[in-house]
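# Inside the fold
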There are 2 protein chains.
Amino acid sequence: MLAALQLVEGGQHFSSLSIREITRQTGVVPTSFYRHFRDMDDLGLALVDELSMILRQLMREVRESQANAAKPEQLIRHSVDFFMQQVDANRGIFVFLTQELTGGSVAVRQAIRSELNFFTNELVLDINRYRILPDLSREMLEAAALLVIQIVSMAIVEWLDTAQTLASQRETIRQRIVRQTQLTFLGASHWKEKEKTV
Amino acid sequence: MLAALQLVEGGQHFSSLSIREITRQTGVVPTSFYRHFRDMDDLGLALVDELSMILRQLMREVRESQANAAKPEQLIRHSVDFFMQQVDANRGIFVFLTQELTGGSVAVRQAIRSELNFFTNELVLDINRYRILPDLSREMLEAAALLVIQIVSMAIVEWLDTAQTLASQRETIRQRIVRQTQLTFLGASHWKEKEKTV
DNA sequence: TGTACATCAGTGAACGCGCGTTCACTGATGTAC
DNA sequence: TGTACATCAGTGAACGCGCGTTCACTGATGTAC
(Lines give C-alpha, C1' and ligand atoms only; values in the text may rest on other atoms or scores of the structure.)
Protein backbone atom coordinates (compact mmCIF):
# COMPACT_ATOMS: atom_id res chain seq x y z
CA MET A 1 0.00 0.00 0.00
CA LEU A 2 2.84 2.36 0.81
CA ALA A 3 4.47 1.54 -2.53
CA ALA A 4 1.25 2.41 -4.38
CA LEU A 5 1.08 5.75 -2.56
CA GLN A 6 4.70 6.50 -3.42
CA LEU A 7 4.09 5.82 -7.11
CA VAL A 8 0.94 7.95 -7.10
CA GLU A 9 2.82 10.72 -5.33
CA GLY A 10 5.47 10.42 -8.04
CA GLY A 11 2.98 11.58 -10.64
CA GLN A 12 1.26 8.46 -11.92
CA HIS A 13 -2.45 7.91 -11.81
CA PHE A 14 -3.54 5.03 -9.61
CA SER A 15 -5.62 3.52 -12.43
CA SER A 16 -2.52 3.25 -14.61
CA LEU A 17 -0.39 1.43 -12.03
CA SER A 18 0.44 -2.23 -12.64
CA ILE A 19 0.74 -4.98 -10.08
CA ARG A 20 4.32 -5.62 -11.18
CA GLU A 21 5.23 -1.96 -10.75
CA ILE A 22 3.96 -1.96 -7.19
CA THR A 23 5.70 -5.19 -6.20
CA ARG A 24 8.89 -3.90 -7.85
CA GLN A 25 8.68 -0.76 -5.74
CA THR A 26 8.18 -2.92 -2.65
CA GLY A 27 11.17 -5.09 -3.58
CA VAL A 28 9.11 -8.24 -3.74
CA VAL A 29 8.17 -10.76 -6.39
CA PRO A 30 4.95 -10.04 -8.40
CA THR A 31 3.14 -13.10 -7.11
CA SER A 32 3.39 -11.84 -3.53
CA PHE A 33 0.78 -9.24 -4.39
CA TYR A 34 -1.89 -11.94 -4.37
CA ARG A 35 -1.08 -12.83 -0.77
CA HIS A 36 -2.65 -9.51 0.22
CA PHE A 37 -5.09 -8.34 -2.47
CA ARG A 38 -7.28 -9.98 -5.05
CA ASP A 39 -6.57 -7.32 -7.69
CA MET A 40 -5.98 -3.58 -8.09
CA ASP A 41 -9.60 -2.70 -7.29
CA ASP A 42 -9.21 -4.54 -4.02
CA LEU A 43 -6.04 -2.59 -3.26
CA GLY A 44 -7.82 0.67 -4.09
CA LEU A 45 -10.63 -0.04 -1.64
CA ALA A 46 -8.17 -1.15 1.05
CA LEU A 47 -6.28 2.11 0.55
CA VAL A 48 -9.41 4.20 0.95
CA ASP A 49 -10.25 2.33 4.15
CA GLU A 50 -6.78 2.74 5.58
CA LEU A 51 -6.40 6.37 4.55
CA SER A 52 -9.84 7.24 5.90
CA MET A 53 -8.66 6.20 9.37
CA ILE A 54 -5.55 8.34 9.07
CA LEU A 55 -7.56 11.26 7.71
CA ARG A 56 -10.04 11.11 10.56
CA GLN A 57 -7.22 11.15 13.11
CA LEU A 58 -5.72 14.10 11.25
CA MET A 59 -9.00 16.01 11.30
CA ARG A 60 -9.32 15.32 15.00
CA GLU A 61 -5.95 16.98 15.48
CA VAL A 62 -7.05 19.99 13.46
CA ARG A 63 -10.13 20.38 15.64
CA GLU A 64 -8.21 19.91 18.88
CA SER A 65 -5.60 22.43 17.82
CA GLN A 66 -8.42 24.99 17.68
CA ALA A 67 -10.50 23.80 20.63
CA ASN A 68 -9.48 26.68 22.90
CA ALA A 69 -8.35 29.21 20.33
CA ALA A 70 -8.00 32.67 21.82
CA LYS A 71 -9.46 34.65 18.94
CA PRO A 72 -12.53 33.19 17.30
CA GLU A 73 -12.22 35.44 14.23
CA GLN A 74 -8.91 33.78 13.38
CA LEU A 75 -10.19 30.27 13.92
CA ILE A 76 -10.78 29.69 10.21
CA ARG A 77 -7.37 30.94 9.13
CA HIS A 78 -5.55 28.94 11.80
CA SER A 79 -7.43 25.75 10.96
CA VAL A 80 -6.65 26.20 7.28
CA ASP A 81 -2.96 26.83 7.97
CA PHE A 82 -2.72 23.79 10.19
CA PHE A 83 -4.56 21.58 7.75
CA MET A 84 -2.53 22.61 4.71
CA GLN A 85 0.61 21.83 6.69
CA GLN A 86 -0.75 18.32 7.15
CA VAL A 87 -1.48 18.07 3.43
CA ASP A 88 2.17 18.84 2.68
CA ALA A 89 3.32 16.29 5.23
CA ASN A 90 1.11 13.60 3.68
CA ARG A 91 1.18 14.36 -0.02
CA GLY A 92 0.70 10.75 -1.15
CA ILE A 93 -2.49 10.38 0.85
CA PHE A 94 -4.08 13.50 -0.56
CA VAL A 95 -2.93 12.94 -4.12
CA PHE A 96 -4.53 9.51 -4.03
CA LEU A 97 -7.76 10.64 -2.40
CA THR A 98 -8.30 13.62 -4.69
CA GLN A 99 -7.46 11.48 -7.74
CA GLU A 100 -9.96 8.83 -6.77
CA LEU A 101 -12.64 11.36 -5.81
CA THR A 102 -13.26 11.78 -9.54
CA GLY A 103 -11.30 8.93 -11.02
CA GLY A 104 -11.55 5.48 -9.50
CA SER A 105 -14.23 2.85 -9.66
CA VAL A 106 -17.77 3.73 -8.61
CA ALA A 107 -17.20 1.91 -5.30
CA VAL A 108 -14.04 3.92 -4.53
CA ARG A 109 -15.65 7.23 -5.48
CA GLN A 110 -18.59 6.56 -3.23
CA ALA A 111 -16.36 5.46 -0.35
CA ILE A 112 -14.52 8.78 -0.55
CA ARG A 113 -17.74 10.75 -0.86
CA SER A 114 -19.10 9.04 2.22
CA GLU A 115 -15.92 10.07 4.00
CA LEU A 116 -16.57 13.68 2.99
CA ASN A 117 -20.07 13.28 4.37
CA PHE A 118 -18.59 12.03 7.63
CA PHE A 119 -16.52 15.21 7.94
CA THR A 120 -19.59 17.25 7.04
CA ASN A 121 -21.42 15.70 9.98
CA GLU A 122 -18.50 16.37 12.30
CA LEU A 123 -18.56 19.99 11.21
CA VAL A 124 -22.31 20.20 11.79
CA LEU A 125 -21.79 18.84 15.31
CA ASP A 126 -19.10 21.44 16.01
CA ILE A 127 -21.29 24.24 14.69
CA ASN A 128 -24.14 23.10 16.93
CA ARG A 129 -21.87 22.63 19.94
CA TYR A 130 -20.64 26.21 19.78
CA ARG A 131 -24.09 27.51 18.77
CA ILE A 132 -22.65 29.33 15.80
CA LEU A 133 -25.71 29.13 13.56
CA PRO A 134 -28.58 28.44 15.96
CA ASP A 135 -31.42 29.43 13.63
CA LEU A 136 -30.47 27.39 10.60
CA SER A 137 -32.49 24.41 9.45
CA ARG A 138 -30.83 21.02 9.45
CA GLU A 139 -30.87 20.84 5.67
CA MET A 140 -29.29 24.22 5.14
CA LEU A 141 -26.74 23.56 7.84
CA GLU A 142 -25.66 20.40 6.06
CA ALA A 143 -25.45 22.13 2.68
CA ALA A 144 -23.27 24.85 4.22
CA ALA A 145 -21.02 22.40 6.07
CA LEU A 146 -20.56 20.26 2.96
CA LEU A 147 -19.73 23.40 1.02
CA VAL A 148 -16.89 24.16 3.43
CA ILE A 149 -15.57 20.62 3.03
CA GLN A 150 -15.82 20.97 -0.75
CA ILE A 151 -14.02 24.32 -0.72
CA VAL A 152 -11.09 22.66 1.00
CA SER A 153 -11.21 19.56 -1.22
CA MET A 154 -11.04 21.55 -4.43
CA ALA A 155 -8.27 23.73 -3.07
CA ILE A 156 -6.15 20.71 -2.11
CA VAL A 157 -5.84 19.68 -5.76
CA GLU A 158 -4.46 23.08 -6.72
CA TRP A 159 -2.35 23.21 -3.56
CA LEU A 160 -0.65 19.92 -4.43
CA ASP A 161 0.18 21.27 -7.89
CA THR A 162 1.80 24.38 -6.45
CA ALA A 163 5.38 23.85 -5.31
CA GLN A 164 6.15 24.82 -1.73
CA THR A 165 8.64 27.34 -3.03
CA LEU A 166 5.94 29.39 -4.77
CA ALA A 167 4.99 31.11 -1.53
CA SER A 168 2.86 33.86 -3.08
CA GLN A 169 0.74 31.44 -5.12
CA ARG A 170 0.24 29.28 -2.08
CA GLU A 171 -0.80 32.33 -0.08
CA THR A 172 -3.38 33.12 -2.79
CA ILE A 173 -4.89 29.66 -2.44
CA ARG A 174 -4.87 29.86 1.35
CA GLN A 175 -6.53 33.25 1.24
CA ARG A 176 -9.18 31.99 -1.13
CA ILE A 177 -10.08 29.09 1.15
CA VAL A 178 -10.43 31.47 4.08
CA ARG A 179 -12.50 33.96 2.10
CA GLN A 180 -14.80 31.34 0.64
CA THR A 181 -15.32 29.75 4.04
CA GLN A 182 -16.07 33.09 5.68
CA LEU A 183 -18.49 33.81 2.85
CA THR A 184 -20.27 30.55 3.51
CA PHE A 185 -20.68 31.21 7.22
CA LEU A 186 -21.72 34.80 6.59
CA GLY A 187 -24.34 33.68 4.09
CA ALA A 188 -25.57 31.00 6.49
CA SER A 189 -25.92 33.49 9.33
CA HIS A 190 -28.18 35.70 7.20
CA TRP A 191 -30.30 32.91 5.80
CA LYS A 192 -34.05 33.29 6.33
CA GLU A 193 -35.98 30.12 5.61
CA LYS A 194 -39.12 31.78 4.30
CA GLU A 195 -37.49 34.16 1.87
CA LYS A 196 -35.57 31.63 -0.13
CA THR A 197 -37.60 28.55 -0.76
CA VAL A 198 -35.76 26.35 -3.19
CA MET B 1 -11.11 11.82 -30.04
CA LEU B 2 -14.71 10.68 -30.09
CA ALA B 3 -13.58 7.10 -29.50
CA ALA B 4 -11.60 8.15 -26.44
CA LEU B 5 -14.64 9.94 -25.05
CA GLN B 6 -16.82 6.90 -25.64
CA LEU B 7 -14.39 4.65 -23.76
CA VAL B 8 -14.12 7.13 -20.90
CA GLU B 9 -17.90 7.38 -20.77
CA GLY B 10 -17.97 3.58 -20.62
CA GLY B 11 -16.27 3.67 -17.24
CA GLN B 12 -12.56 3.59 -17.97
CA HIS B 13 -10.14 6.22 -16.79
CA PHE B 14 -8.46 8.17 -19.56
CA SER B 15 -5.01 7.46 -18.12
CA SER B 16 -5.61 3.72 -18.43
CA LEU B 17 -6.64 3.82 -22.10
CA SER B 18 -4.27 2.36 -24.68
CA ILE B 19 -3.62 3.62 -28.18
CA ARG B 20 -4.68 0.25 -29.58
CA GLU B 21 -7.96 0.36 -27.66
CA ILE B 22 -8.81 3.75 -29.11
CA THR B 23 -7.95 2.83 -32.70
CA ARG B 24 -9.91 -0.42 -32.27
CA GLN B 25 -12.94 1.61 -31.16
CA THR B 26 -12.51 3.87 -34.20
CA GLY B 27 -12.23 0.85 -36.52
CA VAL B 28 -8.79 1.79 -37.71
CA VAL B 29 -5.33 0.27 -37.57
CA PRO B 30 -3.14 1.21 -34.53
CA THR B 31 -0.53 3.02 -36.59
CA SER B 32 -3.11 5.51 -37.84
CA PHE B 33 -3.11 7.05 -34.38
CA TYR B 34 0.28 8.62 -35.09
CA ARG B 35 -1.12 10.46 -38.12
CA HIS B 36 -3.01 12.67 -35.66
CA PHE B 37 -1.31 12.63 -32.25
CA ARG B 38 2.22 12.17 -30.99
CA ASP B 39 1.10 10.15 -27.95
CA MET B 40 -1.69 9.90 -25.37
CA ASP B 41 -0.64 13.11 -23.61
CA ASP B 42 -0.99 14.91 -26.91
CA LEU B 43 -4.47 13.46 -27.37
CA GLY B 44 -5.41 14.52 -23.83
CA LEU B 45 -4.42 18.12 -24.47
CA ALA B 46 -6.19 18.13 -27.84
CA LEU B 47 -9.33 16.86 -26.12
CA VAL B 48 -9.23 19.59 -23.50
CA ASP B 49 -8.83 22.20 -26.24
CA GLU B 50 -11.68 20.81 -28.28
CA LEU B 51 -14.03 20.26 -25.33
CA SER B 52 -13.30 23.73 -23.97
CA MET B 53 -14.74 25.20 -27.15
CA ILE B 54 -17.86 23.07 -26.85
CA LEU B 55 -18.20 23.88 -23.16
CA ARG B 56 -17.95 27.62 -23.79
CA GLN B 57 -20.67 27.40 -26.41
CA LEU B 58 -22.76 25.43 -23.97
CA MET B 59 -22.30 27.99 -21.21
CA ARG B 60 -23.26 30.74 -23.64
CA GLU B 61 -26.51 28.91 -24.21
CA VAL B 62 -27.13 28.64 -20.49
CA ARG B 63 -26.62 32.36 -20.11
CA GLU B 64 -28.77 33.23 -23.09
CA SER B 65 -31.55 30.98 -21.90
CA GLN B 66 -31.71 33.16 -18.78
CA ALA B 67 -30.99 36.55 -20.33
CA ASN B 68 -34.57 37.76 -20.08
CA ALA B 69 -35.88 35.50 -17.34
CA ALA B 70 -39.14 36.70 -15.91
CA LYS B 71 -38.43 35.97 -12.26
CA PRO B 72 -34.96 36.79 -11.00
CA GLU B 73 -35.38 34.69 -7.86
CA GLN B 74 -35.73 31.59 -10.00
CA LEU B 75 -32.77 32.41 -12.19
CA ILE B 76 -30.43 30.15 -10.24
CA ARG B 77 -32.75 27.17 -10.29
CA HIS B 78 -33.51 27.51 -13.96
CA SER B 79 -29.85 27.83 -14.90
CA VAL B 80 -29.01 24.77 -12.84
CA ASP B 81 -31.82 22.75 -14.42
CA PHE B 82 -30.79 23.75 -17.91
CA PHE B 83 -27.12 23.07 -17.27
CA MET B 84 -27.67 19.64 -15.73
CA GLN B 85 -29.74 18.73 -18.77
CA GLN B 86 -26.71 19.57 -20.89
CA VAL B 87 -24.50 17.44 -18.65
CA ASP B 88 -26.76 14.45 -19.29
CA ALA B 89 -26.74 15.13 -23.02
CA ASN B 90 -22.91 15.26 -23.08
CA ARG B 91 -21.86 12.70 -20.49
CA GLY B 92 -18.56 11.81 -22.17
CA ILE B 93 -17.38 15.41 -22.15
CA PHE B 94 -18.08 15.91 -18.48
CA VAL B 95 -16.77 12.54 -17.37
CA PHE B 96 -13.50 13.31 -19.12
CA LEU B 97 -13.21 16.86 -17.83
CA THR B 98 -13.99 16.00 -14.21
CA GLN B 99 -11.63 13.01 -14.37
CA GLU B 100 -8.80 15.12 -15.67
CA LEU B 101 -9.49 17.98 -13.26
CA THR B 102 -7.79 15.86 -10.60
CA GLY B 103 -6.22 13.12 -12.62
CA GLY B 104 -4.34 13.92 -15.77
CA SER B 105 -0.93 15.37 -16.36
CA VAL B 106 -0.01 18.69 -14.78
CA ALA B 107 -0.51 20.38 -18.16
CA VAL B 108 -4.01 18.97 -18.57
CA ARG B 109 -5.03 19.83 -15.01
CA GLN B 110 -3.90 23.40 -15.46
CA ALA B 111 -5.64 23.70 -18.82
CA ILE B 112 -8.92 22.68 -17.19
CA ARG B 113 -8.38 24.97 -14.22
CA SER B 114 -7.75 27.88 -16.56
CA GLU B 115 -11.04 27.00 -18.24
CA LEU B 116 -12.77 27.20 -14.86
CA ASN B 117 -11.14 30.58 -14.37
CA PHE B 118 -12.51 31.67 -17.73
CA PHE B 119 -16.04 30.82 -16.58
CA THR B 120 -15.37 32.59 -13.31
CA ASN B 121 -14.53 35.76 -15.23
CA GLU B 122 -17.65 35.41 -17.35
CA LEU B 123 -19.70 35.12 -14.19
CA VAL B 124 -17.98 38.18 -12.71
CA LEU B 125 -18.87 40.13 -15.87
CA ASP B 126 -22.51 39.06 -15.62
CA ILE B 127 -22.68 40.03 -11.96
CA ASN B 128 -21.25 43.43 -12.76
CA ARG B 129 -23.51 43.91 -15.79
CA TYR B 130 -26.64 43.39 -13.72
CA ARG B 131 -25.19 45.26 -10.73
CA ILE B 132 -25.97 42.38 -8.42
CA LEU B 133 -23.13 42.94 -5.95
CA PRO B 134 -22.07 46.55 -6.52
CA ASP B 135 -20.17 47.03 -3.25
CA LEU B 136 -17.94 43.98 -3.40
CA SER B 137 -14.20 44.23 -3.98
CA ARG B 138 -12.76 42.65 -7.08
CA GLU B 139 -10.94 39.98 -5.07
CA MET B 140 -13.96 38.92 -3.09
CA LEU B 141 -16.13 38.95 -6.19
CA GLU B 142 -13.73 36.54 -7.87
CA ALA B 143 -13.60 34.25 -4.85
CA ALA B 144 -17.40 34.13 -4.77
CA ALA B 145 -17.76 33.54 -8.52
CA LEU B 146 -15.14 30.78 -8.47
CA LEU B 147 -16.97 29.24 -5.55
CA VAL B 148 -20.14 29.01 -7.62
CA ILE B 149 -18.21 27.36 -10.45
CA GLN B 150 -16.67 24.93 -7.96
CA ILE B 151 -20.05 24.10 -6.43
CA VAL B 152 -21.28 23.05 -9.86
CA SER B 153 -18.04 21.19 -10.72
CA MET B 154 -18.16 19.06 -7.58
CA ALA B 155 -21.83 18.35 -8.05
CA ILE B 156 -21.31 17.18 -11.64
CA VAL B 157 -19.18 14.26 -10.44
CA GLU B 158 -21.92 13.04 -8.13
CA TRP B 159 -24.56 13.78 -10.74
CA LEU B 160 -22.81 11.58 -13.31
CA ASP B 161 -22.71 8.74 -10.77
CA THR B 162 -26.44 8.99 -10.13
CA ALA B 163 -28.59 7.22 -12.69
CA GLN B 164 -31.27 9.30 -14.38
CA THR B 165 -33.87 6.94 -12.96
CA LEU B 166 -33.04 7.88 -9.37
CA ALA B 167 -35.13 11.03 -9.57
CA SER B 168 -35.18 11.77 -5.86
CA GLN B 169 -31.41 11.54 -5.46
CA ARG B 170 -30.94 13.75 -8.46
CA GLU B 171 -33.37 16.26 -7.00
CA THR B 172 -31.29 16.27 -3.79
CA ILE B 173 -28.16 17.15 -5.73
CA ARG B 174 -29.96 19.81 -7.74
CA GLN B 175 -31.38 21.33 -4.57
CA ARG B 176 -27.96 21.37 -2.96
CA ILE B 177 -26.42 23.25 -5.88
CA VAL B 178 -29.17 25.84 -5.71
CA ARG B 179 -28.90 26.21 -1.93
CA GLN B 180 -25.12 26.48 -1.92
CA THR B 181 -25.20 29.03 -4.72
CA GLN B 182 -27.85 31.12 -2.98
CA LEU B 183 -25.77 30.92 0.18
CA THR B 184 -22.75 32.24 -1.70
CA PHE B 185 -24.63 35.21 -3.14
CA LEU B 186 -26.30 35.93 0.19
CA GLY B 187 -22.94 35.90 1.97
CA ALA B 188 -21.41 38.09 -0.72
CA SER B 189 -24.19 40.63 -0.43
CA HIS B 190 -23.57 41.01 3.32
CA TRP B 191 -19.80 41.17 3.07
CA LYS B 192 -18.22 44.23 4.66
CA GLU B 193 -14.59 44.69 3.71
CA LYS B 194 -13.45 46.21 6.99
CA GLU B 195 -14.94 43.65 9.31
CA LYS B 196 -13.34 40.61 7.81
CA THR B 197 -9.77 41.25 6.90
CA VAL B 198 -8.18 37.99 5.91
C1' DT C 1 -8.08 20.17 -70.15
C1' DG C 2 -4.41 16.99 -69.10
C1' DT C 3 -0.25 15.47 -66.81
C1' DA C 4 3.05 15.26 -62.91
C1' DC C 5 3.81 15.66 -58.37
C1' DA C 6 2.86 16.49 -53.27
C1' DT C 7 0.12 15.60 -49.40
C1' DC C 8 -1.98 12.77 -46.31
C1' DA C 9 -4.89 9.12 -43.82
C1' DG C 10 -4.81 4.61 -43.51
C1' DT C 11 -2.40 -0.35 -44.06
C1' DG C 12 -0.23 -4.58 -42.39
C1' DA C 13 3.74 -7.04 -40.93
C1' DA C 14 6.99 -7.20 -37.45
C1' DC C 15 9.75 -6.28 -33.08
C1' DG C 16 10.72 -6.75 -28.31
C1' DC C 17 8.63 -5.97 -23.82
C1' DG C 18 6.01 -5.77 -19.65
C1' DC C 19 1.79 -7.39 -18.26
C1' DG C 20 -1.59 -10.49 -15.15
C1' DT C 21 -1.96 -14.83 -13.52
C1' DT C 22 -0.98 -20.09 -12.61
C1' DC C 23 1.64 -23.30 -10.25
C1' DA C 24 4.35 -26.02 -7.07
C1' DC C 25 7.84 -24.62 -3.93
C1' DT C 26 10.39 -22.83 0.48
C1' DG C 27 11.25 -21.58 4.95
C1' DA C 28 10.07 -18.99 8.97
C1' DT C 29 6.79 -18.47 12.79
C1' DG C 30 2.98 -19.89 15.68
C1' DT C 31 0.16 -23.58 18.00
C1' DA C 32 -1.35 -28.17 20.02
C1' DC C 33 -0.34 -31.87 22.68
C1' DT D 1 10.59 -29.29 27.02
C1' DG D 2 10.20 -31.51 22.59
C1' DT D 3 7.85 -33.01 18.45
C1' DA D 4 4.35 -32.59 14.71
C1' DC D 5 1.59 -29.89 12.13
C1' DA D 6 -0.70 -25.54 10.31
C1' DT D 7 -0.27 -21.00 8.70
C1' DC D 8 1.46 -17.67 5.84
C1' DA D 9 4.53 -14.32 3.15
C1' DG D 10 7.51 -14.71 -0.25
C1' DT D 11 9.83 -17.40 -4.47
C1' DG D 12 10.82 -18.33 -9.32
C1' DA D 13 9.68 -20.39 -13.60
C1' DA D 14 6.42 -20.25 -17.07
C1' DC D 15 2.29 -19.02 -20.09
C1' DG D 16 -0.03 -16.43 -23.53
C1' DC D 17 -1.37 -11.71 -24.59
C1' DG D 18 -1.86 -6.92 -25.64
C1' DC D 19 1.07 -3.17 -25.73
C1' DG D 20 3.77 0.98 -28.18
C1' DT D 21 6.34 1.84 -31.96
C1' DT D 22 9.12 1.10 -36.56
C1' DC D 23 8.86 0.56 -41.32
C1' DA D 24 7.87 0.56 -46.20
C1' DC D 25 3.55 0.54 -48.50
C1' DT D 26 -1.05 2.10 -50.87
C1' DG D 27 -4.37 4.84 -52.87
C1' DA D 28 -7.28 8.85 -52.79
C1' DT D 29 -7.41 13.91 -53.05
C1' DG D 30 -5.51 18.46 -53.92
C1' DT D 31 -2.34 21.60 -56.52
C1' DA D 32 0.90 23.55 -60.20
C1' DC D 33 1.77 24.33 -64.70
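Figured I'd write up the structure that's included with this text. This one's a predicted model, so the numbers in the text were calculated from it and none came from an experiment.

Another aspect to go through is the relation of the copies chain A and chain B. Once chain A is rotated about the relating axis by 180 degrees and shifted along it by 0.0 Å, it coincides with chain B to within an RMSD of 0.0 Å. Here the symmetry operator amounts to a two-fold rotation axis. No C-alpha of chain A lies nearer the rotation axis than that of A:Gly187, which sits 1.7 Å from it.

The full set of residues close to DNA strand C is A:Ser18, A:Ile19, A:Arg20, A:Arg24, A:Thr31, A:Tyr34, B:Val28, B:Val29, B:Thr31, B:Ser32, B:Arg35 and B:His36. For DNA strand C, the fraction of atoms within 4 Å of the protein that belong to sugar or phosphate moieties is 41%. Between a phosphate oxygen of DNA strand C and a side-chain N or O atom of A:Ser18, the distance comes to 2.8 Å. Between DNA strand C and the protein, one listed contact pairs a phosphate oxygen with a side-chain N or O atom of B:His36 at 2.7 Å.

Here we come to the protein's contact with DNA strand D. If you check the shell around DNA strand D, you find A:Val28, A:Val29, A:Thr31, A:Ser32, A:Arg35, A:His36, B:Ser18, B:Ile19, B:Arg20, B:Arg24, B:Thr31 and B:Tyr34 and nothing else. Per the 4 Å cut-off to the protein, sugar and phosphate atoms form 42% of the nearby atoms of DNA strand D. In this structure, A:Thr31 approaches DNA strand D through a side-chain N or O atom, which is 3.0 Å from a base oxygen. In this structure, a phosphate oxygen belonging to DNA strand D sits 2.7 Å away from a side-chain N or O atom of A:His36. For the surface near DNA strand D, the residue count by class is four nonpolar, five polar and three charged.

Take unusual backbone geometry next. One non-glycine residue, A:Arg131, lies in positive phi territory at about 50 degrees. Mapping A:Arg131 onto the fold places it in the loop between helix H6 (106-129) and helix H7 (138-161).

Let us look at the pattern of salt bridges. A complete count under the given rule lists 30 salt bridges over all chains for this structure. Residues B:Asp161 and A:Arg109 are paired through a salt bridge, measuring 2.7 Å at the closest nitrogen-oxygen approach. Residue B:Asp161 is found in helix H7 (residues 138-161), and its partner A:Arg109 is found in helix H6; the two belong to separate chains. Ionic contacts of the salt-bridge type, sharing partners, join the residues A:Arg63, A:Glu122, A:Asp126 and A:Arg129 into one network.

What counts as what
Residues numbered from 1 in each chain as written. Chains lettered and ligands numbered in written order. Predicted model: local features only at pLDDT ≥ 70, side-chain atom pairs only at ≥ 80, totals over all residues. Heavy atoms only, no water. Least-squares fit on C-alpha atoms with pLDDT ≥ 70 in both. Near = heavy atom within 4 Å. Polar contact = N/O pair within 3.5 Å; in protein donor to acceptor, adjacent residues only side chain to side chain. Nonpolar A, V, L, I, M, F, W, Y, C, P; charged D, E, K, R; others polar. Helix = DSSP H or I, 4+ residues; strand = E, 2+ residues; numbered from the N terminus. Salt bridge = Lys/Arg side-chain N within 4 Å of Asp/Glu carboxyl O.

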